Amino acid sequence: MTQLIAALIYLGLLLMPGWLLARLLFPEQHRFLFSYSLSLTLLSACLVIASSVGYHPLDWLKLTAGVTVILIGINVYQELQKRTSRSERQTTLMTLGSKCHALSILLIIFSFSFYHLNVGPYSEIPSDIWIHLARVNDVFLNFDSIASNVCRPVQCVSDQGHLIYLLHASVATLVRVNPINLITISTLVTGGLFLSSVYFF
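Quick caveat, the model's predicted, so the values are computed rather than measured.

### Section: the layout of surface pockets
So, point 1. In this structure, the largest pocket occupies an estimated 550 Å³ of space.
So, point 2. Surrounding the largest pocket, 22 residues form its lining, I164, H168, S186, T187 and T190 being those nearest its centre.
So, point 3. For the lining of the largest pocket, the secondary-structure elements that each account for two or more residues are α1 (2-14), α3 (31-52), α6 (129-141), α7 (162-175) and α8 (183-199).
So, point 4. In terms of residue count, α7 provides more of the lining of the largest pocket than any other element does, five residues in total.
So, point 5. Of the residues that constitute the lining of the largest pocket, the class distribution is 16 nonpolar, six polar and no charged.

Dropping the structure here:
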């Protein structure tokens, strides 16, 4: 159950905000492709704002959730405006091409998930996963002591990976498990999102 909750949190943070924003900015274009990148952009912006006012790390996720709720409201309002402006709503049938696309991406995600859940994430010695996990664990263990100094606003989204480490540590804190217990689900969700973004590129 913990793994499922963590997966839903990851999907909610890494996909939903960007998808909602993409619906507003690019209504007829590659929504899913933009969803992942726009979500990371919104997470970065919220982290910069939260760190600049000295919020606790978990307040960063509350701010992101607030932005997501606002985006949901705007999308609902826009959808209602579209429906009332149309005199006749036409139902469009899925074309054969779109069915093939849906089947293809489902096959890719299923194959990747099956392999990943059976074999596990790549965690051999040459892999950097242990270095990154140690950094995530440092943030996780020192969560309360870094409440206001998690990073300076300029460093939040730097190449040191503060955003990603803080994201994984925050999810582990929310579901009350050690970050090492979320390796499989976090790499499954992020890997699946990345593959999907590449597919829709």
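### Structural notes on the environment of I72
So, point 1. Considering the arrangement of structural elements, one finds I72 in helix α4 (residues 57-85).
So, point 2. I72 sits in the partly exposed class, given a relative accessible area of 32%.
So, point 3. Apart from residues no more than four positions distant in its own chain, I72 is found in contact with M16 and L20.

### With respect to the packing of aromatic side chains
So, point 1. One pass over the structure, following the stated rule, counts one aromatic pair.
So, point 2. For the pair F110 and F114, a centre-to-centre distance of 6.3 Å together with 25° between the ring planes defines the contact as stacked. Placement of the pair is F110 and F114 together in helix α5 (residues 96-119), with a separation of four residues, close to one helical turn. One exposure class covers both F110 and F114, and it is exposed.

### Some thoughts on α7
So, point 1. The end-to-end C-alpha distance of α7 is 20 Å, a good match for the 20 Å that 14 residues give at a rise of 1.5 Å each.
So, point 2. When you tally the buried positions in α7, you get 10 out of 14 residues, the bulk of the element.
So, point 3. Those residues of α7 not exposed but buried are L163, Y165, L166, L167, H168, A169, S170, V171, A172 and V175.
So, point 4. Remark: R176 follows α7 within two positions and exhibits a positive phi of approximately 60°.

### Brief notes about the pattern of salt bridges
So, point 1. Under the criterion given, the structure shown has one salt bridge.
So, point 2. Put simply, R23 and E79 hold a salt bridge, and the shortest N to O gap is 3.0 Å. In this pair, R23 is assigned in helix α2 (residues 16-25) and E79 in helix α4, connecting sequence segments 56 residues apart.

### Let's talk about unusual backbone geometry
So, point 1. A positive phi is found at R176, a non-glycine position, where the angle reads about 60°.
So, point 2. Within the secondary structure, R176 is located in the loop between α7 and α8.

### Quick word on the side chain of S39
So, point 1. Following the sequence through the fold, S39 ends up in helix α3.
So, point 2. One polar contact links the side chain of S39 to the main-chain carbonyl oxygen of L15, over a distance of 3.4 Å.
So, point 3. A distance of 2.8 Å separates the side chain of S39 from the backbone nitrogen of G18, its partner in a polar contact.

### Considerations on the nonpolar core
One broad rule of soluble globular proteins: the nonpolar side chains tend to lie buried together.
So, point 1. By size, the foremost hydrophobic cluster in this structure holds 29 residues, and its most contacted members are L14, W60, L167, V171, L182 and I185.
So, point 2. Mapped onto this core, the elements with two or more residues apiece are α1, α3, α4, α6, α7 and α8.
So, point 3. The element contributing the most residues to this core is α7, with eight residues.
So, point 4. Once residues lying within four places of it in the same chain are set aside, the contact partners of W60 are L43, C46, L47, A50, L163, L166, L167 and S170.
So, point 5. One finds L20, L21, A22 and L71 within the second-largest nonpolar core, a separate group that totals six residues.

### Side note on the packing of α6 against α7
So, point 1. Remark: α6 packs on α7, axes separated minimally by 8 Å, with the N-to-C direction vectors making an angle of 60°. Of the possible angle classes, the one that applies to α6 and α7 is oblique. The hand of the α6/α7 crossing is right-handed. Only Y165, L166, H168, A169, A172 and T173 of α7 make contact with α6, whose side of the interface consists of H132, R135, V136, V139 and F140.
So, point 2. Taken together, the residues that form the contact of α6 with α7 break down as seven nonpolar, three polar and one charged.

Rules used in this analysis
- Residues numbered from 1 in each chain as written.
- Predicted model: local features only at pLDDT ≥ 70, side-chain atom pairs only at ≥ 80, totals over all residues.
- Heavy atoms only, no water.
- 1 Å grid on protein atoms, 1.4 Å probe; cavity = no way out; pocket = protein on both sides within 12 Å on 5 of 7 lines; lining within 4 Å.
- Points joined across faces, edges and corners; volume = space filled by probe spheres on them.
- Helix = DSSP H or I, 4+ residues; strand = E, 2+ residues; numbered from the N terminus.
- Nonpolar A, V, L, I, M, F, W, Y, C, P; charged D, E, K, R; others polar.
- Buried < 20%, exposed > 50% of the residue type's maximum accessible area, 1.4 Å probe, protein only.
- Contact = heavy atoms within 4.5 Å.
- Phe/Tyr/Trp six-rings, centres within 6.5 Å; stacked < 30°, edge-to-face > 60°.
- Expected span 1.5 Å × (residues − 1).
- Salt bridge = Lys/Arg side-chain N within 4 Å of Asp/Glu carboxyl O.
- Polar contact = N/O pair within 3.5 Å; in protein donor to acceptor, adjacent residues only side chain to side chain.
- Core = buried A, V, L, I, M, F, W, Y, C linked by side-chain atoms within 4.5 Å.
- Axes fitted to C-alpha atoms, helices over the stretch in contact; angles between N-to-C directions.
- Parallel < 35°, antiparallel > 145°, perpendicular 65-115°, else oblique.
- Left-handed = near helix turned anticlockwise from the far one by under 90°.

By themselves, these figures tell us nothing about what the structure is for.
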